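Fold and contact review
Each chain is listed here by its residues.
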Amino acid sequence: MKITQVNVEVFTYPTRRSVDAAGHAHPGEESLAKMAMLRIATEDGVEGYAFGAPELIRPHIIDSFVRKVLIGQNVMDREKIWQDLAHWQRGSASQLTDRALALVEQALWDWAGRKFKQPVHKLIGGYRDKVLAYGSTMCGDDLPGGLSTPEEYGRFAEQLVARGYKAIKLHTWMPPISFAPDPKMDVRACAAVREAVGPDIALMLDGYHWYSRTDALYIGRELEKLNFAWFEEPMMEESAESYAWLAANLDIPVLGPESLGGKYMSRASWVGQGACDILRAGVAGVGGIAPCLKVAHLAESYGMHCEIHGNGAANLAVVGAIKNCDWYERGLLHPFLNYDDVPAYLNSIVDPMDSDGYVHLPDRPGLGEDINFAYIETNTVNRY
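The name given to the chain in an unreviewed UniProt entry is L-alanine-DL-glutamate epimerase, and the organism recorded there is Phytopseudomonas seleniipraecipitans. You can read under Cofactor (unreviewed entry) in the UniProt record for the chain the words "Mg(2+)".

Okay, the nonpolar core next. Counting 114 residues, the largest nonpolar core has Leu38, Leu70 and Ile289 as its most contacted members. Take this core: its biggest share by element is ten residues, from helix α3 (residues 98-116). Two domains each donate at least three residues to this core, and these are domain 1 (2-117 + 374-383) and domain 2 (122-360). Counting residues in hydrophobic clusters, the runner-up holds twelve residues, among them Phe11, Met37, Tyr49 and Tyr375.

Mapped onto the fold, threonine 172 is located in the loop between β5 (167-170) and α6 (183-197). Here the side chain of threonine 172 touches aspartate 186 through a polar contact of 3.0 Å, side chain to side chain. Among residues more than four places away in sequence, those in contact with threonine 172 are Cys139, Gly140, Tyr153, Asp186, Ala189, Leu205, Asp206, Gly207 and Tyr208.

Attention shifts here to the domain arrangement of the chain. Along its sequence, the chain is carved into domain 1 (2-117 + 374-383) and domain 2 (122-360). Computed over C-alpha atoms, the centres of domain 1 and domain 2 are 25 Å apart. Opposite the 29 residues of domain 1 that make contact, domain 2 presents 31 residues. Buried area between domain 1 and domain 2, summed over both chains or domains, comes out near 2,400 Å², and the portion from carbon and sulfur atoms is 69%. Put simply, domain 1 and domain 2 have two salt bridges between them. A salt bridge links glutamate 79 to lysine 294; the nearest nitrogen and oxygen atoms lie 2.9 Å apart. Inspection of the domain 1/domain 2 interface yields eight residue pairs in polar contact (both at pLDDT 80 or more). Breaking the side of domain 1 that touches domain 2 down by element, the ones donating at least two residues are β1 (3-19), β2 (25-42), α2 (78-87), α3 and α13 (373-379). A per-element tally of the side of domain 1 that touches domain 2 places α3 first, with nine residues.

Each value, and the rule that gives it
Residues numbered from 1 in each chain as written. Predicted model: local features only at pLDDT ≥ 70, side-chain atom pairs only at ≥ 80, totals over all residues. Heavy atoms only, no water. UniProt positions renumbered as here; feature names shortened; annotations may be inferred. Core = buried A, V, L, I, M, F, W, Y, C linked by side-chain atoms within 4.5 Å. Buried < 20%, exposed > 50% of the residue type's maximum accessible area, 1.4 Å probe, protein only. Helix = DSSP H or I, 4+ residues; strand = E, 2+ residues; numbered from the N terminus. Domains from an automatic or database assignment. Polar contact = N/O pair within 3.5 Å; in protein donor to acceptor, adjacent residues only side chain to side chain. Contact = heavy atoms within 4.5 Å. Buried area = accessible area lost by both parts, 1.4 Å probe. Salt bridge = Lys/Arg side-chain N within 4 Å of Asp/Glu carboxyl O.

Printed below as a string of structure tokens:
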């Protein structure tokens, strides 16, 4: 079945999420944001879809790379298409990113699920139908009643446990917050959450990402006293040697890499260098669902877990198809926002959570997103 069309619709939708000067998400006043929907169609009229930031798939990217590679190809040849697209990254890496590759590949998987009337997690593995979620907080802020003090983290953690979460991951304070970074404040927030939720809730920390070895070691040893489940990205991930040193000097599992480029190859290097105890990959970060599965299977072959980074339909599909992953990341969460509010361009969220803390894998065909096509049509501001 040949691909005949590749199109993008950019539309607006209301949101209460804003970003600070460093790009970290926080609550804000309601405003209009933009989203892009990639649409891949075949000669039989079946379509697959993927959502992403408009800057990832600008008209130049679609014309110069995506259409050039996809039009006329067999839509089932996902690996060939992905490899051909990845080839074009050389010399154009600043334009054709791994996140753009991921959007194209997600749309191809969504097409397959819709064509064969199967959820993608069944097509790629089908290991489970539900998974425990951890509540992943937004970064710390300076909003009274939000996440501005260790005590506020503790109170929010109590709310998350009451909602059903069996695990919580803290994102602590980052610049431009005036006092950040501060290792002792990070530890105080972690201690406040542990005191608030008791010993039976799994806790993780994903704090400032540019700490020194000595600061990271201090935080890690304090987390060991608090019985945290893992320690994530406290240093620049380009230095696998620093992470190997940290993992060798801590008992708490070190998890990574999260934001490091290099697709699945960089993850293999981390395993080979002993730079982590738990491997990390997300669909957007490594270039797609299949590359993310490659990382998970690599980890499995070394007897390691691979915790999937981020929320959303594609990451949930991967979690549903592998054994060596304990959690689904549900977030980002904040006292001022309700994660269960449905975005205007969907009819329902893809990852509702029950009172026992489980997210059930969607049974809708494709990636499982219940798309509000009428809303998108009405609010489209650009097509190409």
